Every structure is written in C-alpha cells, then in structure tokens.
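# Examination of the molecular architecture
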Amino acid sequence: MSRTNLRERIKQGLFLLDGAMGTQLIASGIEVGKCNDYLNIESPDIVSNIHKAYLQAGSDAILTNTFGANKFALARHGIAEEVERINTTGAKIARQAAGRDRYVLGDIGPSGDFLKPLGDLEPKDLKDAFVQQAKALSAGGVDGFIIETMTALDEAAIAIEAVKLVCGDLPVFASFAFDHAGGDYRTMMGLDVKSAVSKALSLGIDAVGFNCGSATLDEYIELAEKFVLEIMVLEKIRATSDPTSLKLRRAGERRVTIYAEPNAGKPELVDGKAVYNVSPEDFALAAEKIHSLGVNIVGGCCGTTPEHIAAVSKKLRVGNE
Ligand SMILES: [Zn+2]
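So, a few notes on the structure that sits alongside this text. All figures in this text were calculated on a predicted structure; none of them were measured in a lab.

Next up on the list: the overall build of the protein. Across its full length, the protein carries 13 helices and 12 strands. With respect to the three principal axes, the spread of C-alpha positions in the protein is 50 × 45 × 45 Å. Looking at the protein residue by residue over its 321 residues, the buried ones come to 53%. In the protein, 77% of the contacts between residues at least 6 apart in sequence involve partners at least 24 apart. Surface accessibility of the protein: about 14000 Å² in total, with carbon and sulfur atoms responsible for 52%.

Quick look at the structure:
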C-alpha cells in the first residue's frame, strides 16, 4: 500500500515524526563537532540505520539528515560547494529507508548567520541558499519540507518563501525554538508564539509548531496549549472575513496543523555537555498530553531516541487509531 497525500494525512490524526539524529550519530561513534550532514556522503549506512531504527519505532515520517546542509552552514566546514550532493543524497537515503508507505521530510535548518542590519546576510543571498537546498532535496524525492529550529522571523519567512517558490506543490512545515524564561516563551531572537503563528499562517504553510529550545516537559505542554489557543484566535478572526474558514472549523479541521518536537526535557550540564535525562515513558506521557490538546504531529528533538518514539507510538496508538 502506498502512502496517502501528506497534506490529507496530517489532518487525519496522529502523525508521528522521528527523534533526534545528532544524538544517535554520537551514539554511533561519530565525533562531536563533525559535519553531520556530510555523513550522507561519507557514511550513508550509519544515517540509513538511524532512519530505519525510527521507522521500526513507529515514525510515520523521517527527516533527512540535512539540517545544516545550506551553503552558509556548510561553509563553516569548508564544503559550501557540496550543497547539492549532500541534500540529494540525504533525501535518497531517507527515501530508500522509508520505502513507499512512509514519508520523508526534507530538513532545513537555519543558516547560522544574521540577516542585515543585525548581521551581514542579504535577504536575497539567504533566499538563494534555501532555494538551492530545497531543489536538491526535492531531486532526491522528499514528500515535503520541515523548516526547523528557527529563531528569527525574517529568516523563517525567507526559508518558507524559498521552498514554496521551487516546490510549491509540496507541503511545508515550519517550527521555532522557544525557550521558557520569566513565565513566557520566546525564541533567542525575542519572537513570541503569537507572531510566529500569525506569520506562518499568512505564508500559507501546512503545519506550524515548535522544536528544540529549552523547557521542561510540563513547559512544552504549556507551549503546545499556547499554540492551539493562538491558532484558534487567529482562525476566528479570519472566519469573519472568510466563510470557508468557518466551515473548516466546524468540520473539526484547522487550516493549519500544529506540530511539536520537544527535546527529552531540559538538558543538564554534565562536564560541559548537555545531557537529557527524560525517560521514554515520561516523554510519552507528555506527548500524550500534547496530542490531546489538538496537536496532530508529534516527534522529538534533542536527546530523544528510537526508544522515546517507540514509547509514544505505543501509548498513543494502542486502541486509539
Ligand atoms: Zn533539538
């Protein structure tokens, strides 16, 4: 049986993403600080085995190992000219692991630089870089895109526009990394949930959410609630001027799907290294609460493993779907 249209599928109920790639690479013996994305060329078997472990754990979709495979991030490893090869190969590795019935999302992370006037980056150059990455991922056979760990609204918007420009027919997810501080949730660049959600909605993406950042599991649950509330408010506003939106809400469907990829809790620093101590069972409990709030798409970020994803799948699927 081959997979249904991704856009339809994410509205149908729980859609389970994978967990961390970086954590698993380190567990496979890859040195910290190495260019993870280049492993698509250098050690495709290691990458493929991690994909397979997540698929076996129950992930409906896996993310390509291309988080840092834009021109600017690769330039820091001296391999800016490898964008096409790394992304296309990364997409092919994931496609092969996922087969015909699971999905592959092309993973796009931030450039790591700041746009003008804060930094030196020109919007046009940034857009070109994301266009280049999206084209290469698409050539490798992705089903959609996930723009992750964004902290700046302008960069996220440029990434979304770039992907839509070259792959307008494929679904796009975008998420921001929020930290919990002083009772509020903001990205490193000061962006709040409301601004992130309203911008993402106005750009017409398929799913919006949060990943990574710094929060406890309880705080991630609260953050999920904020997303749900903001989207409800925004869609009500739209409903007054757009009757189809009201119909969609009555049908129990939102225009945009919400997704959550929490870390395995808040990291503790041990010998200068971030350690995530949340067990798969506790992670699954939090995922259950997040899902019950109306978040269809759930996965894990830093510190989550195939065991965490398997625990979520077991908890949320048995008797439910
Ligand atoms: Zn993370």
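Tetrahedral metal sites with four donors have an ideal angle of 109.5 degrees; octahedral sites with six donors have ideal angles of 90 or 180 degrees. Protein-derived coordination of the zinc ion comes from Cys-212 (SG), Cys-301 (SG) and Cys-302 (SG), at a distance range of 2.2 to 2.3 Å. Here the donor residues for the zinc ion map to a single chain with the spacing C-x88-C-C.

Turning next to the pattern of salt bridges. For the structure shown, the criterion picks out 11 salt bridges. In this structure, Asp-143 and Arg-3 form a salt bridge, with 2.8 Å as the shortest nitrogen-oxygen distance. Here Arg-3 lies in the segment before helix 1 (6–9) and Asp-143 lies in the loop between helix 7 (123–139) and strand 4 (144–150), a separation of 140 residues in the sequence. Overall, Arg-3 belongs to the partly exposed group, its relative accessible area being 29%.

Of the pockets and cavities examined, the largest pocket occupies roughly 1200 Å³. Residue assignment for the lining of the largest pocket shows that the elements contributing at least two residues are helix 2 (22–27), strand 4 and strand 11 (273–275). Considering every element that reaches the lining of the largest pocket, the biggest residue donor is helix 2, with 4 residues. Within this model, the second largest pocket holds a volume of roughly 250 Å³.

The next subject is the packing of aromatic side chains. Counted according to the given criterion, the structure contains 6 aromatic pairs. On the basis of an interplanar angle of 65 degrees and a centroid distance of 5.4 Å, the ring pair of Phe-15 and Tyr-103 is categorised as edge-to-face. Within this pair, whereas Phe-15 is found in strand 1 (residues 15–16), its partner Tyr-103 is found in strand 3 (residues 103–108), the two being separated by 88 residues in sequence. Neither Phe-15 nor Tyr-103 differs from the other in exposure class; each is buried.

Moving on to the environment of Phe-210. For Phe-210, the position within the fold is in strand 8 (residues 207–211). Owing to a relative accessible area of 1%, Phe-210 belongs among the buried residues under this scheme. Other than its neighbours up to four places away in sequence, Phe-210 contacts Ser-175, Phe-176, Phe-178, Tyr-220, Leu-223, Ala-224, Phe-227, Tyr-259, Ala-260 and Glu-261.

Where strands meet in a sheet, backbone hydrogen bonds hold them as pairs that are either parallel or antiparallel. Read across the sheet, 8 strands follow the order 1-12-9-8-5-4-3-2 without closing on themselves; strand pairing throughout is parallel. Looking along the sheet, the strands with just one partner apiece sit at the ends: strand 1 and strand 2 (61–63). Across 4 bridges, the pairing between strand 3 and strand 4 is parallel. Note on strand 4: the bridge partner recorded for Ile-108 is Ile-147.

So, how was this worked out
- Residues numbered from 1 in each chain as written.
- Predicted model: local features only at pLDDT ≥ 70, side-chain atom pairs only at ≥ 80, totals over all residues.
- Heavy atoms only, no water.
- Helix = DSSP H or I, 4+ residues; strand = E, 2+ residues; numbered from the N terminus.
- Buried < 20%, exposed > 50% of the residue type's maximum accessible area, 1.4 Å probe, protein only.
- Contact = heavy atoms within 4.5 Å.
- Areas by Shrake-Rupley, 256 points an atom, 1.4 Å probe, with all protein chains shown as cover.
- Donors = N, O, S within 2.8 Å, 3.2 Å for Na, K, Ca; no water.
- Salt bridge = Lys/Arg side-chain N within 4 Å of Asp/Glu carboxyl O.
- 1 Å grid on protein atoms, 1.4 Å probe; cavity = no way out; pocket = protein on both sides within 12 Å on 5 of 7 lines; lining within 4 Å.
- Points joined across faces, edges and corners; volume = space filled by probe spheres on them.
- Phe/Tyr/Trp six-rings, centres within 6.5 Å; stacked < 30°, edge-to-face > 60°.
- Pairing = 2+ DSSP bridges.

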